[in-house]
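# Tertiary structure, described
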Amino acid sequence: MKHKVKALVPVEKRGLFGTKTVYREKTVEVDGATYRKMKRAERDKEFGIGEMMFYDALWGDD
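Owing to the predicted nature of the structure, the values given are computational and were not obtained by experimental measurement. (Residues numbered from 1 in each chain as written. Predicted model: local features only at pLDDT ≥ 70, side-chain atom pairs only at ≥ 80, totals over all residues. Heavy atoms only, no water.)

## Some thoughts on the overall build of the protein chain
Per the secondary structure count, the protein chain includes two helices and two strands. Starting at the N terminus and ending at the C terminus, the protein chain contains elements arranged as β-β-α-α. Computed over C-alpha atoms, the radius of gyration of the protein chain comes to 18 Å, more than 25% over the 11 Å expected from 2.2 N^0.38 for 62 residues, which places it beyond the range of a compact globule. Seen along its three principal axes, the alpha-carbon backbone of the protein chain occupies a region of about 50 × 40 × 15 Å. Counting every position in the protein chain, which comprises 62 residues, the buried fraction comes to 6%. Considering only residue pairs separated by 6 or more positions, the protein chain has 33% of its internal contacts joining residues 24 or more positions apart. Taken as a whole, the protein chain presents about 6,100 Å² of accessible surface, with 55% of it coming from carbon and sulfur. Side chains of the protein chain carry 14 positive and 11 negative charges; the gap between the two charge centres is 14 Å. (Helix = DSSP H or I, 4+ residues; strand = E, 2+ residues; numbered from the N terminus. Rg over C-alpha atoms; globule rule 2.2 N^0.38 Å. Buried < 20%, exposed > 50% of the residue type's maximum accessible area, 1.4 Å probe, protein only. Contact = heavy atoms within 4.5 Å. Areas by Shrake-Rupley, 256 points an atom, 1.4 Å probe, with all protein chains shown as cover. Lys, Arg positive; Asp, Glu negative; His and termini not counted. Charge placed at Lys NZ, Arg CZ, Asp CG, Glu CD.)

## What about the pairing of strand β2 (residues 18–30)?
Pairing between strand β1 (residues 3–15) and β2: 13 bridges, direction antiparallel. The residue bridging Val9 from the neighbouring strand is Arg24, located in β2. (Pairing = 2+ DSSP bridges.)

## Re a nonpolar patch on the surface
The grouping of Phe47, Ile49, Met52 and Met53 at the surface amounts to a nonpolar patch, some 470 Å² of accessible area in total. Within the element layout of this structure, Met53 appears in helix α2 (residues 49–59). Assessed through its relative accessible area of 57%, Met53 is described here as exposed. (Patch = residues over 30% accessible without salt bridge, like charges linked within 9 Å, V, L, I, M, F, W, Y side chains within 5 Å. Salt bridge = Lys/Arg side-chain N within 4 Å of Asp/Glu carboxyl O.)

## Here we look at the packing of aromatic side chains
Any two aromatic rings considered together are summarised by their centre-to-centre distance and by the angle between their planes. Under the criterion given, the structure shown has three aromatic pairs. Measuring from ring centre to ring centre gives 5.2 Å for Tyr55 and Trp59, while their planes differ by 15°; the resulting arrangement is stacked. Separated by four residues within a single helix, Tyr55 and Trp59 lie in helix α2, roughly one turn from each other. Classification of Tyr55 by relative accessible area gives partly exposed; the value is 28%. Three or more aromatic residues joined by ring pairs make a cluster, and in this case those are Phe47, Phe54, Tyr55 and Trp59. (Phe/Tyr/Trp six-rings, centres within 6.5 Å; stacked < 30°, edge-to-face > 60°.)

## A short note on the environment of Ala57
Here Ala57 lies in helix α2. Sequence spacing of Ala57 and Ala41 is 16 residues, and the spatial spacing of their C-alpha atoms is 26 Å.

These values are about where atoms sit, not about what they do.
Written out as structure tokens, the structure reads:
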């Protein structure tokens, strides 16, 4: 089964100081196994500093 997923795709851009790589959001189609792998990786990622501070303030843990 095919799934449409928004992903960041690297794109080469020419500028004043040469070429640089920028990431654009693009909709890509992936198969079922890759989709499950991406969802599992997203679910299992660790919290960042900002998210930890947010949850700490939300729950009032001092």
